[in-house]
Amino acid sequence: MTGNESSIVLGADVGGTKTLLRLARRVGRSCETLAEARYESNTWPTLVPMLQAFLQDRPAPQAACIAVACPVESRQVRLTNLDLTVDADEIERVCGIRTVRLINDFVAVG
């Protein structure tokens, strides 16, 4: 991507209590927040329906980085303190996001 192009990106912080979502437009080295929301994590069986609710009537992101409160060793994880599944392949397929990356929440802070 050159400095003149823009893209829509999704950032998520998925924890046992809450999930924070932010949709942003990346232009060069800057970001402009388009939308953000907080959801109670324990009211959703997986992350997919939460993302669908958040992304409804909003521009579709091309990429997503999802920080999760658990070890990340594959593209599917189950949170340590909550029975919530996060599956990167399912998110790509169902939500139409080209690239989804899962990272540990402490890695995200670093």
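Shown above is the structure to which this text applies.
Note that the structure is a prediction, hence the values are computed from the model and not measured. (Residues numbered from 1 in each chain as written. Predicted model: local features only at pLDDT ≥ 70, side-chain atom pairs only at ≥ 80, totals over all residues. Heavy atoms only, no water.)

### Points about the side chain of S41
Then, in step 1: With respect to the helices, strands and loops of the structure, S41 is situated in the loop between β3 (30-40) and α1 (47-55).
Then, in step 2: In terms of polar contacts, S41 uses its side chain to reach the backbone carbonyl oxygen of G15, at 2.7 Å.
Then, in step 3: Those residues in contact with S41 that lie beyond four places of it in its chain are G15, G16, T17, K18, T19, M50, L82 and L84. (Helix = DSSP H or I, 4+ residues; strand = E, 2+ residues; numbered from the N terminus. Polar contact = N/O pair within 3.5 Å; in protein donor to acceptor, adjacent residues only side chain to side chain. Contact = heavy atoms within 4.5 Å.)

### Structural notes on helix α2 (residues 88-95)
Then, in step 1: Where α2 is concerned, the buried positions are A88, I91 and C95. Projected down its long axis, α2 shows its buried positions confined to an angular sector of 60°, all on one face.
Then, in step 2: Buried residues in α2 make contact with α1, β4 (63-68), β6 (85-87) and β7 (99-104).
Then, in step 3: For α2, the side-chain oxygen to backbone nitrogen distance between the N-cap and D89 is 3.0 Å, and the N-cap itself is D87.
Then, in step 4: One or two positions beyond α2, positive phi appears at G96, with a value near 70°. (Buried < 20%, exposed > 50% of the residue type's maximum accessible area, 1.4 Å probe, protein only. Arc of directions from axis to C-beta.)

### Focus: the packing of aromatic side chains
Then, in step 1: Going through the model one piece at a time under the given rule, you end up with 1 aromatic pair.
Then, in step 2: Here the aromatic rings of Y39 and W44 are separated by 5.7 Å at their centres, their planes lie at 85°, and the arrangement is edge-to-face.
Then, in step 3: Here W44 falls in the partly exposed class, since its relative accessible area comes to 22%.
Then, in step 4: Taking the ring centre of F54 as reference, the NZ or CZ of R58 above it sits at 4.7 Å. (Phe/Tyr/Trp six-rings, centres within 6.5 Å; stacked < 30°, edge-to-face > 60°. Lys NZ or Arg CZ within 6 Å of the ring centre and 35° of its normal.)

### So, the side chain of D87
Then, in step 1: With respect to the element layout, D87 can be found in strand β6.
Then, in step 2: It turns out D87 is buried and unbridged, and the closest side chain with the opposite charge, R93, is 6.1 Å from it.
Then, in step 3: Within polar-contact distance, the side chain of D87 engages the side chain of Q76 at 3.3 Å. (Lys, Arg positive; Asp, Glu negative; His and termini not counted. Salt bridge = Lys/Arg side-chain N within 4 Å of Asp/Glu carboxyl O.)

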